[in-house]
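Breakdown of the fold
So the chains spell out like this:
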Amino acid sequence: MADILSLKESAVVYLDRSGGLEKLTEDCKQFNDPQHAEAVYRFCVTVNPSDVIEVDPVLGDCVLHEPLRATALFQSVFFLAIKTLSLIEKIHTQSQVNVILNLTHLPPFPEYTLDLGCFPRGRGPMRPISMEGLVIAVTRVTKYTQGARFLCINDDCPCSTGFHHIRVHAPGATESATVRNDFSCMICNSQLKEDVKFRVLGDKQLVELIHVKALEVLNARQQSSLRYQSVTLFLRDELCNSMTIGRLYRVLGIPAHVKQYLVCRLACHYCIEISTVSLPTDLCNISVGFQELLRATASSPWRFSAIAAHGFGLDIAPPGSYDTLKLGLLLSLVQTRADAEEACHNLDLLVVATDTLVFDRLMTYSLGLARRGVRHQASGEMFASLSRDEHGTGTANIHAGSALLATGGICMLGDLGYYKKDKLDSIQSVLESRTVSVFILGKKYGEDADQQLSFPLQCSFWKFENIGQSSDSQPLCEQEMGPVPLQLADTFGLVIQCKDMLREQALLAQTVHTLQQSVQPGKPLYPSRWEFSSQDYQELVTHAQTLKVELSPGAEKMIHGYYMASRRVRTLSQGVKMSVASIKLLISLAEAHCKLCLRTRVLEEDAVIAVLLCENSVTLKHGASALMIPPDAVFPCDLGDEDGLHKRDKKLDKLHQNILRFIYAYAPGADTYITEE
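Residues numbered from 1 in each chain as written. Predicted model: local features only at pLDDT ≥ 70, side-chain atom pairs only at ≥ 80, totals over all residues. Heavy atoms only, no water.

The protein chain carries the name Minichromosome maintenance domain-containing protein 2 in an unreviewed UniProt entry, which gives Scophthalmus maximus as its organism. You can read under Function (unreviewed entry) in the UniProt record for the protein chain the words "Plays an important role in meiotic recombination and associated DNA double-strand break repair." (UniProt positions renumbered as here; feature names shortened; annotations may be inferred.)

Following this line, the structure appears as structure tokens:
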């Protein structure tokens, strides 16, 4: 008894120091409404285990290893405080106080982390654990019973009135454990009957979380025999809808075994009652090599990104080959993210080529550098699917497809030739609206009415397509695109055509590269001053994604002027209307190039790269315009030495002037912000 009193005193000291008692006073005000009468009153208290241990190590140990006992201690303290201070007159017994402990964190030790790869689970103590994972399925929000009041049917029994029999939800308990009709009175053993008007309902949502290491399987870089099992989380009340499908989260909760009685058997599910949800922190610095490159290329706004693209993916293709594609992949990687405000930043990429083997390998390699990379298979679900929940609620369980699993990352599309026209039309509609809609049939899933839910699509799509042999001057609208219609291809923002002008020389270089890799694995094939590993590129991409950039007036004028001029020229000469999506693509490309160069202000030179890439993309789709630029405008010469970089800068300067002349000649009102000189 003395130990319990000592722990209660320590709990009072902690609540006083942390502001918990003051918060309790504020929370009680909402329950003093005369019309507000309930069986139980719910209070959430934030507990910092480190601070509790400083006050009383024994109480801290209880919080970390015996959460149910710790909850009972704080429940007793709250009840005494409420009665002593007369905060709520309608509370008569301690059972009416429902306390929820929300731990801020756990010690950074393996014992407090859930590892889905370790079996069996559940034999140890049911203490708080933390886990970081990916949400792969969610259910609709349903109701559950927080607490209920029961009265004895024997009128002579003291329990026929008052609040002697209170049932409160406990972690892992099913609805039948809280409310059913076979409870007995603890005094006279008569049957108890619920007083329905005092029942307290709350919100409940089920979420399936899979271990973060499962992402290594989703990017399909290498086949693995490992299989990852998801764990079911229970979100209750204020935590409902706090987790979005397809996102990474760090959660903290108490494990529980949820029992479900099925026909001829008892099913037991391992679940976790969640108390805290947070977003994982991702801090990363760039390597020393890229820091030195940044200092060495400070005199030119174009050289850093050029050298980074030139040396990218050397395990797949020799340097100097497919530099435009490599730059496009890096731009898409650094621009794609999903931030905490649910804003979407994406840059879709469609690669067309006559031979897709090397490009498949290069894009697969790049997929492994994304924060999250998922390779979609035609046999799988691309957006979302429905099933019935297996934990007794019977509601619809929404499973994420490849696109939602790739939230904040890249979804690489596979062969779409297996899809029928209606499916391809559906894919095109989703890519245009960037929204996935799921229709839930009320009758099928135990609801009164049908419901349609929408989820934002927050990833970039990569696709490569074999167009066969074709003429260089022939636009894609006049070429055979295989199973993908031009309308679907047009939804991709950036289109890059990889066609070697000297195919025999390129084939020979690729053959020599592959043979050297086979004979001398691990040996640097192309000694250079600047050599970067895959880890260096991953750190560069991760750091560049976190940069917040803003458009300079010069970049904004160039983007706006090019859009207006191109729209006017192509409408008059080709009957092609430049959509507003073209402006979004230009801004996205300029911002991406700025981030890749590790700057926070988008310069006019960044807009030049964006215009060249966009003009080449539109030319591939619809043909050339009055702005005559070569197909390899971004990489017009070899970058093997300093002289090559200098030549590229001079040619880009010349193209910069050509773009300004084009804007001055065709954009309405361009003479107000561009001088003829």
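That shown, we press on.
In this section: the overall build of the protein chain. When you go through the protein chain residue by residue, the secondary structure sums to 20 helices and 23 strands. Taken across its 677 residues, the protein chain has 51% of its residues classed as buried. Long-range contacts, defined here as pairs at least 24 residues apart, represent 73% of the contacts in the protein chain between residues at least 6 apart. Here the protein chain displays about 32300 Å² of accessible surface, and carbon together with sulfur accounts for 52% of that area. (Helix = DSSP H or I, 4+ residues; strand = E, 2+ residues; numbered from the N terminus. Buried < 20%, exposed > 50% of the residue type's maximum accessible area, 1.4 Å probe, protein only. Contact = heavy atoms within 4.5 Å. Areas by Shrake-Rupley, 256 points an atom, 1.4 Å probe, with all protein chains shown as cover.)

With that settled, consider the sheet that holds strand β20 (residues 460-466). Here five strands make up an open sheet; going across it, the order is β14-β17-β20-β13-β21 and the pairing parallel. Looking at which strands have only one partner, the edges of the open sheet turn out to be β14 (373-375) and β21 (494-498). Here the average twist between neighbouring strands, direction ignored, is 20 degrees. (Pairing = 2+ DSSP bridges. Axes fitted to C-alpha atoms, helices over the stretch in contact; angles between N-to-C directions.)

Now for the state of the cysteines. Throughout the structure, instances matching the rule amount to zero disulfides. C597 takes part in no disulfide bond, and the closest cysteine sulfur to it belongs to C594, at a distance of 7.3 Å. The class for C597 is buried, based on a relative accessible area of 3%. (Disulfide = S-S within 2.5 Å.)

Okay, helix α16 (residues 534-545) next. Between its first and last C-alpha atoms α16 spans 17 Å; for twelve residues at 1.5 Å apiece the expected length is 16 Å, and the two agree. Every buried residue of α16 is listed here: D536, Y537, E539, L540, V541, T542, A544 and Q545. (Expected span 1.5 Å × (residues − 1).)

On to the packing of aromatic side chains. For the coordinates displayed, the defined rule picks out 14 aromatic pairs. On the numbers, 6.1 Å between centres and 65 degrees between planes, the contact of F43 with F78 is edge-to-face. Of the two residues, F43 sits in strand β1 (residues 41-47) while F78 sits in helix α5 (residues 67-84), which places them 35 residues apart along the sequence. Taken together, a centroid distance of 5.3 Å and an interplanar angle of 75 degrees make the contact between F290 and Y537 edge-to-face. Note that F290 is positioned in helix α8 (residues 288-296) and Y537 in helix α16, a separation of 247 residues in sequence. The same class applies to F290 as to Y537, namely buried. Each member of the aromatic cluster is reached from another via a ring pair, and the members are F290, F304, F312, Y365, F532 and Y537. Lying across the ring of Y144, R236 places its NZ or CZ 4.5 Å from the centre. (Phe/Tyr/Trp six-rings, centres within 6.5 Å; stacked < 30°, edge-to-face > 60°. Lys NZ or Arg CZ within 6 Å of the ring centre and 35° of its normal.)

Counting residues in each nonpolar core, the largest one holds 86 residues, and the members touching the most others are F290, L325, L330, W462, Y537, L589 and L612. When residues in this core are grouped by element, the largest group, nine residues, is from helix α19 (residues 604-622). Beyond its immediate sequence surroundings of up to four residues, L612 is in contact with I629, A633, V634, L652, L655 and I659. Membership of the second largest hydrophobic core comes to 58 residues, among which are L248, L424, I427 and V436. (Core = buried A, V, L, I, M, F, W, Y, C linked by side-chain atoms within 4.5 Å.)

The next thing to look at is the packing of helix α18 (residues 581-596) against α19. Following both chains from N to C, one finds α18 and α19 inclined at 130 degrees, their axes separated by 8 Å at the closest point. Classified by the angle their axes make, α18 and α19 are oblique. When you trace α18 past α19, the crossing you get is right-handed. Note on element contacts: α19 touches α18 through D606, A607, I609, A610, V611, L613 and C614, opposite L585, L586, L589, A590, H593 and C594. Residue composition of the contact of α18 with α19, by class: eleven nonpolar, one polar and one charged. (Parallel < 35°, antiparallel > 145°, perpendicular 65-115°, else oblique. Left-handed = near helix turned anticlockwise from the far one by under 90°. Nonpolar A, V, L, I, M, F, W, Y, C, P; charged D, E, K, R; others polar.)

Applying the stated criterion to the full structure yields 20 salt bridges. One connected set of salt bridges, linked through shared partners, spans R42, D237 and E238. (Salt bridge = Lys/Arg side-chain N within 4 Å of Asp/Glu carboxyl O.)

Bringing the side chain of K595 into the picture now. Among the secondary structure elements, K595 is positioned in helix α18. Buried charged residue K595 carries no salt bridge. Nearest counter-charge: E591, at 5.2 Å. Beyond its immediate sequence surroundings of up to four residues, K595 is in contact with V334, Q335, R337, A544, Q545, L547 and V549. (Lys, Arg positive; Asp, Glu negative; His and termini not counted.)

The element strand β8 (residues 231-236) is largely enclosed, with a buried count of six among its six residues. Where burial is concerned, the two faces of β8 agree: the one with V231, L233 and L235 and the one with T232, F234 and R236 are both buried.

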